[in-house]
There are 2 protein chains.
Amino acid sequence: MDSLAMPTLYREVMEQTPARLIEMPSWLLTQLAVHAHRLSAEAFAEAGARGYHYRILSSLDEFGVVSQAELGRHSNMDRSDVVAAVNELAEQGCLERTPDPDDRRRNLVSLTKTGEEQLRRLDRALDKAQESLLEPLAAEDRAALTRMLGQLLAHHQRTQRS
Amino acid sequence: MDSLAMPTLYREVMEQTPARLIEMPSWLLTQLAVHAHRLSAEAFAEAGARGYHYRILSSLDEFGVVSQAELGRHSNMDRSDVVAAVNELAEQGCLERTPDPDDRRRNLVSLTKTGEEQLRRLDRALDKAQESLLEPLAAEDRAALTRMLGQLLAHHQRTQRS
DNA sequence: CCTCTTTCGTTTGTCTTACTAACGTTGGTG
DNA sequence: CACCAACGTTAGTAAGACAAACGAAAGAGG
């Protein structure tokens, strides 16, 4: 009956949780995301940042000088949330906001030296967070997990935009 | 260079996202959790409920009459959030709250007929949400994903409590 | 029996993420 | 020129997670 089931350790921890939930992928996903978020938030907090800031800094680093709207599309954020995060990053001197001469609706956002340093700091801190997140998984399992998560995420981002 | 890499479809959707993020398990996880949460929230909303309500109803169904504190431990919720959710469920007639005669600090919470019906409704709606969440995955991948998520979640819940 | 600590239910409030609605400005199109 | 779309911005909301404090009650140790 349970020879193929979960390891002993698993049951010990999970037996106080309803079986409905334990078997539900969306629950496993959202609950594990809480831990993932906690781990990376702790990493960000040490540098006085949060998730939105990292998304914007890494987008700027990869795509160069772009408008706030593009920034939002790259990092999966709402325009209104981009405004707030860009404000905060500008106050910290991590980026600069200049009006686009070719389109006066747009603000061109560019990464500063300070922003690059902050990004590198966050990258390092995040690496450790990834390690503790995946700690109990073997290398091949980590790869398989990453592949499947990416596959699912691509599917849902595609179907949502259409 | 990319023969072993992601399928074409994947890149199409993801190419506007920083490579840093695409490769980061914690990002894939939290972003996919957004979709998982959206899908199940829509299912809940049709029945006038939300996640906290389902956690409590399913805990009551599996563990019978328990105190609010136990309810919180079963469904991974803070005591203060249990109070609010139990209030709302009581207003809807889904459960009853009676003082424990053996321990006057405790409230014993029990599921009503209405609550059981609501739970069955939510179960059905959630099943569809799971299907659309995992739609692009083959059956064996779904099983592998569920196994790994459970393994990771058990690990982090264990290490957090200690 | 009397402290000391713990547990319980409750209130209040904060943080992060996500998202919606509206507004004025500007660009592009028919 | 009229109309619509995009942009930046402000304001507000919802859900989930969590921290701090409170009085009331139970339990433990001396």
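Refer to the structure above for everything that follows.
Note that the structure is a prediction, hence the values are computed from the model and not measured.

Caption draft 1: Region of interest: the protein's contact with DNA strand D. Around DNA strand D lies a shell of 25 residues, among which Gln68(A), Ala69(A), Arg105(A), Tyr52(B) and Arg55(B) are the nearest. Considering the 4 Å shell around the protein, atoms of DNA strand D inside it are sugar or phosphate in 66% of instances. Residue Gln31(A) places a side-chain N or O atom 3.3 Å away from a phosphate oxygen belonging to DNA strand D. Contact between DNA strand D and Arg50(B): a phosphate oxygen at 3.2 Å from a side-chain N or O atom of the residue. Classifying every residue of the surface near DNA strand D by side-chain character gives four nonpolar, eight polar and 13 charged.

Caption draft 2: Geometry of the relation of the copies chain A and chain B. Overlaying chain A on chain B yields an RMSD of 0.0 Å, the required transformation being a rotation through 180° with an accompanying axial translation of 0.0 Å. What the superposition gives is, in effect, a two-fold axis relating one chain to the other.

Caption draft 3: Looking closely at the nonpolar core. Ranked by size, the top nonpolar core spans 80 residues in total, and within it Ile56(A), Leu145(A), Ile56(B) and Leu145(B) carry the most contacts. Look past the residues within four positions of Ile56(A) in its chain and what remains in contact with it is Leu71(A), Ser75(A), Met77(A), Val82(A), Ala85(A), Val86(A), Leu89(A) and Leu95(A).

Caption draft 4: Highlighting the packing of helix H4 (residues 51–63) of chain A against helix H7 (residues 113–134) of chain A. All names here are of chain A. Where H4 meets H7, the closest approach of the two axes is 10 Å, and the angle between their N-to-C directions is 115°. For the crossing formed where H4 meets H7, the hand is left-handed. Here Tyr54, Leu57, Ser58 and Asp61 of H4 come into contact with H7, specifically with Gly115, Gln118, Leu119, Leu122, Asp123 and Leu126. Here the contact of H4 with H7 is built from residues that sort into five nonpolar, three polar and two charged.

Caption draft 5: Structural context of the environment of Gln31(A). Tracing the backbone shows Gln31(A) in helix H3 (residues 25–46). By relative accessible area, Gln31(A) is classed as buried at 7%. Residues contacting Gln31(A), with those up to four places away along its chain left out, are Arg55(B), Asn76(B), Leu153(B) and Gln157(B).

Caption draft 6: A look at the environment of Thr30(A). In this structure, Thr30(A) sits in helix H3. According to the relative accessible area criterion, Thr30(A) is buried, its value standing at 18%. Excluding residues within four positions of it along the chain, Thr30(A) makes contact with Ala33(B), Ala36(B) and His37(B). A polar contact of 3.2 Å, which involves the side chain of Thr30(A), links it to the backbone oxygen of Trp27(A).

Conventions used here
- Residues numbered from 1 in each chain as written.
- Chains lettered and ligands numbered in written order.
- Predicted model: local features only at pLDDT ≥ 70, side-chain atom pairs only at ≥ 80, totals over all residues.
- Heavy atoms only, no water.
- Near = heavy atom within 4 Å.
- Polar contact = N/O pair within 3.5 Å; in protein donor to acceptor, adjacent residues only side chain to side chain.
- Nonpolar A, V, L, I, M, F, W, Y, C, P; charged D, E, K, R; others polar.
- Least-squares fit on C-alpha atoms with pLDDT ≥ 70 in both.
- Core = buried A, V, L, I, M, F, W, Y, C linked by side-chain atoms within 4.5 Å.
- Buried < 20%, exposed > 50% of the residue type's maximum accessible area, 1.4 Å probe, protein only.
- Contact = heavy atoms within 4.5 Å.
- Axes fitted to C-alpha atoms, helices over the stretch in contact; angles between N-to-C directions.
- Helix = DSSP H or I, 4+ residues; strand = E, 2+ residues; numbered from the N terminus.
- Left-handed = near helix turned anticlockwise from the far one by under 90°.

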